[in-house]
Amino acid sequence: MIGATAIFQRVCFPLNKPAVFSAAAMLCALLFSTFTLTAADHLSISLGDLDGGAWQAQGVSLQLDLSADQDHFTLSADTINHPLLAEPIQHLHFDCQHGQVADRQIICDKGLLDLTLDSQKQRRIKARINWKIDSQSIDLYLENISFSKGNVALVLKADNGRWQLSVEGRHIDIDRLGRLATPLSDSIRRFALHGGFNLSADLRGRDAHLLSGSTRIDYRDVSFSDQPGDYIGQGLSGQWRGNISHKRDNWFGNQRLQIASGELLTPQFYLSPSNRPLLLESDYRYQAAKAQLYLERFTFKQMEGISAEGQANVSLQDKPQLVSLNLKTAPTDLSQLFRENLLPVLVNPQFEAMELAGKLALNLSVGPGESRASIELKDVYIEQGLQGEENNQRQFALYDLDGQLNWSSGSATDSHLNWQGGHLFGGITLGAAKLDLNLSGRNLALVNQASIPVLDGVLQAERFALEQGDAGPKIQFQGYLTPISMEAISRAVGWPRLAGQLSGMIPGLSYENGVIAVEGIALVKIFDGAIVVRDLKLDDLFGALPALGADLELRDIDLETLTRTFSFGKITGRLEGRVNDLRLENWTPVSFDAAFNTPRDDETRHRINQKAVDNISNLGGSGVSGALSRSFLRIFKEFGYDRLGISCRLEHGVCHMGGIEPAERGYYLVKGGGLPRIDIMGFNQKTDWQVLVSKLKQIASGGAPVIK
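*Asks:* How would you explain the overall build of the protein if you had to name every residue and give the values?
*Replies:* The helix and strand tally for the protein stands at 9 helices and 45 strands. The buried share of the protein, reckoned over its 708 residues, is 41%. Sequence-distant contacts in the protein: of pairs separated by 6 or more residues, those separated by 24 or more amount to 45%. Accessible area of the protein: about 37900 Å², with a carbon and sulfur share of 54%.

*Asks:* How would you explain the state of the cysteines if you had to name every residue and give the values?
*Replies:* In the structure shown here, the tally under the stated rule is 2 disulfides. The side chain of C648 participates in a disulfide bridge whose partner is C655; the two sulfur atoms lie 1.9 Å from each other. As far as the burial class goes, C648 and C655 line up, both buried.

*Asks:* Residues and numbers for the nonpolar core, please.
*Replies:* Core analysis: the largest hydrophobic core is formed by 80 residues, its most contacted members being I526, I571, F592, I608, I616 and W689. The greatest single-element share of this core, amounting to 5 residues, is contributed by strand β40 (residues 638–651). In this view, I608 contacts K570, I571, V613, I616, K637, E638, F639, Y641 and V670; residues no more than four positions away in its chain are not counted. Formed by 37 residues, the second largest nonpolar core is a distinct cluster that contains F94, L115, L117 and A201.

*Asks:* Describe the side chain of S148, with residues and values.
*Replies:* With respect to the helices and strands, S148 occurs in the loop between β8 (137–147) and β9 (150–159). Here the side chain of S148 touches D173 through a polar contact of 2.4 Å, landing on its backbone oxygen.

*Asks:* So what's going on with the pairing of strand β5 (residues 89–101)? Which residues, and what values?
*Replies:* Relative to β5, strand β4 (residues 71–81) runs antiparallel, the two sharing 8 bridges. Looking at β5, one finds that D71 is bridged to G99. With 9 bridges connecting them, β5 and strand β6 (residues 105–117) associate as antiparallel partners. Residue F94 lies in a different strand from β6, and its bridge partner there is L113. Between β5 and β6, which pair antiparallel and follow one another directly, the connecting turn spans 3 residues.

*Asks:* Tell me what's going on with the environment of R128, and back it up with residues and numbers.
*Replies:* Following the sequence through the fold, R128 ends up in strand β7 (residues 120–132). Through-space distance from the C-alpha of R128 to that of C108 is 5.3 Å; in sequence the pair is 20 residues apart. For R128, the residues in contact, after removing those within four places along its chain, are C108, D109, D139, L140, Y141 and E143.

*Asks:* Would you mind going over the packing of aromatic side chains in detail, with residue names and values included?
*Replies:* All told, the structure shown has 2 aromatic pairs when counted by the stated rule. Relative to F94, the ring of F73 has its centre 6.4 Å away and its plane inclined at 70°; by these criteria the two rings are edge-to-face. In this pair, F73 is assigned in strand β4 and F94 in strand β5, connecting sequence segments 21 residues apart. When its relative accessible area of 8% is taken as the criterion, F73 is described as buried. Aromatic side chains F592 and W689 sit 5.4 Å apart centroid to centroid with 75° between the ring planes, which places their arrangement in the edge-to-face category. A residue pair is termed long-range when its members are at least 10 positions apart, and F592 in strand β38 (residues 588–597) and W689 in helix α9 (residues 689–700) qualify at 97 residues.

*Asks:* Could you give me a rundown of the environment of L199, with the residues and numbers involved?
*Replies:* Looking at the secondary structure, you find L199 in strand β11 (residues 194–206). The spatial distance from the C-alpha of L199 to the C-alpha of R216 is 5.9 Å, given a sequence separation of 17 residues. Ignoring sequence-local partners within four residues, the contact set of L199 consists of V167, E168, G169, R170, T215, R216 and I217.

*Asks:* Lay out the pattern of salt bridges in plain terms, naming residues and giving numbers.
*Replies:* Evaluated as defined, the whole model comprises 22 salt bridges. A salt bridge links E304 to R276, with the nearest nitrogen and oxygen atoms 3.7 Å apart. With E304 in the loop between β17 (292–302) and β18 (307–315) and R276 in the loop between β15 (270–271) and β16 (278–287), the pair connects residues that are 28 residues apart, well separated along the chain. A relative accessible area of 65% places E304 in the exposed class. In this structure, R574 engages D556 in a salt bridge whose closest nitrogen and oxygen atoms are separated by 3.7 Å. With R574 in strand β37 (residues 574–585) and D556 in strand β36 (residues 547–558), this pair connects stretches of sequence that are 18 residues apart. Accessibility expressed as a relative area gives 15% for R574, which makes it buried. Connected via shared salt-bridge partners are R276, E304 and E340.

*Asks:* How would you sum up unusual backbone geometry? Please name residues and give values.
*Replies:* Note: most residues except glycine have negative phi, and most peptide bonds are trans. Of note in the backbone geometry, R124 takes a positive phi value of approximately 60° without being a glycine. On the secondary structure map, R124 appears in strand β7.

Procedures and definitions
Residues numbered from 1 in each chain as written. Predicted model: local features only at pLDDT ≥ 70, side-chain atom pairs only at ≥ 80, totals over all residues. Heavy atoms only, no water. Helix = DSSP H or I, 4+ residues; strand = E, 2+ residues; numbered from the N terminus. Buried < 20%, exposed > 50% of the residue type's maximum accessible area, 1.4 Å probe, protein only. Contact = heavy atoms within 4.5 Å. Areas by Shrake-Rupley, 256 points an atom, 1.4 Å probe, with all protein chains shown as cover. Disulfide = S-S within 2.5 Å. Core = buried A, V, L, I, M, F, W, Y, C linked by side-chain atoms within 4.5 Å. Polar contact = N/O pair within 3.5 Å; in protein donor to acceptor, adjacent residues only side chain to side chain. Pairing = 2+ DSSP bridges. Phe/Tyr/Trp six-rings, centres within 6.5 Å; stacked < 30°, edge-to-face > 60°. Salt bridge = Lys/Arg side-chain N within 4 Å of Asp/Glu carboxyl O.

Purely geometric numbers; function is a separate question.
Below you can see the structure in the form of structure tokens.
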């Protein structure tokens, strides 16, 4: 009993000093009535429940082995609670096998710790402790802690309220971590986090407050996804380093995130660190009273790719919200940016056939009052082609494009674009031009009139306005087209050589819901006459299935010029006509109601040669073709006629045919007049449209059509 009393005094009397922990002194004052000495010289002391403010312990007891050569003692607790633990520690048992209990110090050089956490038993955790009683300085070392399917080692140093905690963790599983740490469980569940990491942390604080810290996390095979599935990460591996310090209600720190492999997908862009590793660094300040996070400097770098820097302010009240942002990028390769980062998230198939090249630099400013963006373009090349067509037919291109695009949510500085050339549909060339624009809010407008060379003419744009609505963009255009030679258009689009000119006024053009509609008329001057286009509408112009609708009127067309152009045979006189309800899909006619005939007031000379007679006869199925060469009529090279005409109503691939007037068994295609005269009759009331097109192609190429 004397030895036990001596040990008790060595431990308890120093604790009774006012400068030392008062709760321990009060416990020691009660120990004389609570300790027992067993026959094996073991001293058992019941300490009951302890309260450390942030933590609580229940059922605490201490046992001393008085017979051992070295001080041997055990410490037990039924439960220990801490706010950082989702579940309390249960059945804690610390066995110091080799230690020393001195007048002013308790040391354990070799100990084992057992406990239960979240129904998982932790056994034989290696532990060391050095407790200086006067100063309440404690050094605690724990190794071989099984934690979240991994292994953790802790070093805790505490002295007079100040403490330092070092943590080394290996092979920590994120899924399991959410079950053990309450502050992390909601985030891990909400973002479906999976994967593992190694951890190295050094934290410093006073009492229950963290003052500073530094952390390194080496993560591997991490995946995540938010609930809507907008932000997704797969197979992410890399390293995160950060440090933090506290001063005057503000947290200061910096962090460095490296992603060496994996895939990242957002609604705005796609990143593949496996191909181009990423680096994100920032210096930050967090103002706790206002829940404001200030990124005073951040940089983003993609290896041989995007590079950006800036500052930002984020409010963390209720839910994160961007308050302000300043972002500036270095000139970026457009081809790489488009193909690798933007194309994977663009759902429109038109972009699959688009090529971009050149440089782009962005300067972005977002604020509570006004937001601004400036894009600088240098040596840009844009080409959009239609996939699925032979040789991937080019539909649109601009090259040597330079300029500055300025946008503002309020009033914007004017923007300027200029290019050196381009084309439409492969062969319709566009010359050098300059545009002055204004981009404010959701609107875009042409500031000054612009002249865009098109082949040997000019498209004069007098007004252009775009408004981005909830249902999509709305466009208004007004201008005119100076004469373009039909010969140049023919060469550009691969048509037979045509004579005349194309020109027209465009009093109004609108675009909405993917449809281009022309208000007013377009005038095509061709074959010494004119074609008037009304109610022109284009749907999905550069898409996979463009569609066109219009009404056409032919006025005073010279038949001799027309038939010579298409090797039809010679016909003199004039022609008028109409094409109502024309519908083209993928530039192929699918329906129309057309009629062409000699004007009743035409006073020009009406003559038709044998080749034209043969071709007209074959189109109408009259059977006259070749008969002229076998009769006395073969001596005549030309014939007179009074009127001629043909009609076709195309429905479901069938042309319902007619002529200028009914005949006894058919209809007149050509009604004779003068000497020598000839009548050409048509008998086919219905003709397969593809067969008729084949005949027209043979005629245009100068061959004789085959009658089936």
